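Survey of secondary and tertiary structure
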Amino acid sequence: MKQTLYDGSRKMTVNTRYDECLYLAPRPVSDQPDVKITGKDLYMHIATSQNKSVTYYLHLWSTSRTVKEKILPLSPSMADRFLKTKGLICNLFPKNDPVANLYAWGYGIAEEF
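Residues numbered from 1 in each chain as written. Predicted model: local features only at pLDDT ≥ 70, side-chain atom pairs only at ≥ 80, totals over all residues. Heavy atoms only, no water.

Let's talk about the overall build of the protein chain
Counting secondary structure elements, the protein chain contains two helices and six strands. Buried residues in the protein chain amount to 32% of all 113 residues. Of the contacts made within the protein chain by residues no fewer than 6 positions apart, 37% connect residues no fewer than 24 positions apart. Accessible surface for the protein chain amounts to roughly 8,300 Å². Of this, 52% is attributable to carbon and sulfur atoms. (Helix = DSSP H or I, 4+ residues; strand = E, 2+ residues; numbered from the N terminus. Buried < 20%, exposed > 50% of the residue type's maximum accessible area, 1.4 Å probe, protein only. Contact = heavy atoms within 4.5 Å. Areas by Shrake-Rupley, 256 points an atom, 1.4 Å probe, with all protein chains shown as cover.)

Written out as structure tokens, the structure reads:
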């Protein structure tokens, strides 16, 4: 899916085909056509300009043809939190010491904080 996002005055085009996927939701195969499955994938877009800014976004998809796909931009902290809710830790994000300490102590769910 390709979409144009705006960050202030900056315009960027994200594309799920070419951007790096950090999390891909499982896509179960079903023989029944009326089964509707939805999911969220997390992507990282690196700008081609000189500053090489990074944009994180969620791709919301569905197997139903009546539901329109969406792309939602995320802040780095929200992208990090999304991955942690899936049990994944990524070194691309800046360290948040209190949260990192709690994860090191064995707390694995964001709601426990």
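Some remarks on the environment of D80
With respect to the helices and strands, D80 occurs in helix α1 (residues 76-85). Exposure remark for D80: the relative accessible area of 11% places this residue in the buried category. Spatially, the C-alpha atoms of D80 and Y56 are 9.7 Å apart, while their sequence positions differ by 24 residues.

Remarks on the pattern of salt bridges
In total, this model carries two salt bridges according to the counting rule given. K84 is paired through a salt bridge with D80; the nearest N and O atoms lie 3.4 Å apart. Of this pair, K84 and D80 both sit in helix α1, four residues apart, roughly one helical turn. (Salt bridge = Lys/Arg side-chain N within 4 Å of Asp/Glu carboxyl O.)

Points about the nonpolar core
Counting residues in hydrophobic clusters, the biggest one holds 13 residues, and the most contacted among them are L22, Y23, L42, Y56, F82 and L83. Within the second largest apolar cluster, six residues are counted, among which are V14, Y43, Y57 and I71. (Core = buried A, V, L, I, M, F, W, Y, C linked by side-chain atoms within 4.5 Å.)

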